Amino acid sequence: MSTKTILKQCLGIDVSMKKVDCCMAVYTQGLQVKVIATSKFDNNNKGLLKLQQWIEKKRDQTLDLFVNLEATGVYHEEAAYFLYDFGYKLSIIQPAKGKQYAKSLDEKNKTDRIDAIMLARMGLERNLTLWNRPSENLRILKRLSRERISIIRDKNALTNQLHALNHSHQAFAGSIKRLKERIALAEEHLTEIEGQMRELIGASPVLAEKIKRVITIPGINFVTAATVIAETDGFSNISNRRQLVSYAGLDVVIRESGTLAWRPHISKRGNAYIRAALYMAAVSSIIHNQTLRIYFNRLKDNGKPGKTGVIALERKLLILIYTLYKNNTDYIMGYPSTDTGDNSH
């Protein structure tokens, strides 16, 4: 195909634990998507090297190559870092976004190859946000914060088991002893992880200064700030408030059809780790943050359920963290804040 007829080229990649399915496609002046080639490679260093060689054979060297990759747990990360380091323009989309786009194509079949073609087409037709590789400190910080949340969940489950066992008939002492030991071990690990998080942040003066600014928000502690910043890669791939709220799954969904209307709710199609970190911070802010407490009480007075008010506080806290991090400023009590999702920082 003549290079003059090509407007854009994109590589779509569907990732699984063991394989990466790829589709190289182009967008022509006739506004058509043309599939150039498809292939499959192992999701390891050897396979990714073969993928890179395949890309260079199939791509048009006169045009930038865009890569559209769907986030798949942690399995997409090796491919993402590998391709980014080669200088390709990489976008990483959430599965829900890819699923919505696939529905618009009315594609009834679903295979890894079809998904790769869909992702390539999406990259051609949409102006996707480009992904920026996070620093090594932020990458490790994210791992630590996720490990911490996992241990907290395990500890809560163990605590519930212990409570039930203590109230059972003639509970076996050996079982109680082991549960207490497991809870103590979880607490030990949590202390160790938080220490490692503090050490990691302390090694980066710029990051340490930004987190110092963020925790001036009443209700936001060190761990919450570190978790939100790590999960957003230091907001490096966030360009505005609306995008941030959507990324966290705290955006409000409204459904209406004719005379029917459903109660508005948050999408939850986003980063659950951010929502988990912000929940307790939102509850704490009702006590410790006068401005947000007034806002929460006003929502209650207007008939909003308590859960709705807490979610609204989560959204406000998220935007406050983003604003202070970006502007490198301290929190000012009573300063007007908004969660309208505008494009300002």
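Residues numbered from 1 in each chain as written. Predicted model: local features only at pLDDT ≥ 70, side-chain atom pairs only at ≥ 80, totals over all residues. Heavy atoms only, no water.

Bringing unusual backbone geometry into the picture now. Positive phi, close to 55°, is recorded for aspartate 233, a residue that is not glycine. With respect to the secondary-structure elements, aspartate 233 resides in the loop between helix 8 (222–231) and helix 9 (241–247). Since its relative accessible area comes to 9%, aspartate 233 is described here as buried. At asparagine 328, a residue that is not glycine, the phi angle is positive and equals roughly 55°. For asparagine 328, the position within the fold is in the segment after helix 12 (306–327). Overall, asparagine 328 belongs to the partly exposed group, its relative accessible area being 30%. (Helix = DSSP H or I, 4+ residues; strand = E, 2+ residues; numbered from the N terminus. Buried < 20%, exposed > 50% of the residue type's maximum accessible area, 1.4 Å probe, protein only.)

Moving on, we get to helix 5 (residues 136–166). The end-to-end C-alpha separation of helix 5 is 45 Å, in line with the 45 Å expected for 31 residues at 1.5 Å each. Every buried residue belonging to helix 5 is among Leu138, Leu141, Lys142, Leu144, Ser145, Arg148, Ile149, Ile151, Leu158 and Leu162, and all of these are buried. (Expected span 1.5 Å × (residues − 1).)

The next point concerns the packing of aromatic side chains. Taken as a whole and judged by the stated rule, the model has seven aromatic pairs. Seen in terms of ring centroids, tyrosine 81 and tryptophan 131 are 5.5 Å apart; in terms of plane orientation they differ by 90°. Their pairing is edge-to-face. With tyrosine 81 in helix 2 (residues 77–85) and tryptophan 131 in the loop between helix 4 (112–125) and helix 5, this residue pair connects regions lying 50 residues apart in the sequence. (Phe/Tyr/Trp six-rings, centres within 6.5 Å; stacked < 30°, edge-to-face > 60°.)

What follows concerns the state of the cysteines. The tally for this structure, following the rule as stated, stands at zero disulfides. Here cysteine 10 stays unpaired: no disulfide links it, and the sulfur of cysteine 23, its closest cysteine neighbor, is 8.5 Å away. Free of any disulfide, cysteine 22 has its nearest neighbouring cysteine sulfur in cysteine 23, separated by 8.9 Å. (Disulfide = S-S within 2.5 Å.)

Most of strand 1 (residues 6–15) sits out of view: nine of its ten residues are buried. Across nine bridges, the pairing between strand 1 and strand 2 (residues 19–28) is antiparallel. By the bridge assignment, glutamine 9 is partnered in strand 2 with valine 26. Linking strand 1 back to strand 2 in an antiparallel pair, the connection comprises three residues. Judged from the five bridges that link them, strand 1 and strand 4 (residues 65–70) form a sheet pairing that is parallel. Paired with leucine 11 across the strands is valine 67, a residue of strand 4. (Pairing = 2+ DSSP bridges.)

Another point: the packing of helix 6 (residues 173–202) against helix 8. Contact geometry for helix 6 and helix 8: axes closest at 11 Å, N-to-C directions at 65°. Between helix 6 and helix 8 the crossing geometry is left-handed. Where helix 6 approaches helix 8, its residues Glu194, Met197, Arg198 and Ile201 are matched on the opposing element by Phe222, Val223 and Ala226. The residue inventory of the contact of helix 6 with helix 8, partitioned by class, reads five nonpolar, no polar and two charged. (Axes fitted to C-alpha atoms, helices over the stretch in contact; angles between N-to-C directions. Left-handed = near helix turned anticlockwise from the far one by under 90°. Contact = heavy atoms within 4.5 Å. Nonpolar A, V, L, I, M, F, W, Y, C, P; charged D, E, K, R; others polar.)

Honestly, it's all geometry; don't read function into it.
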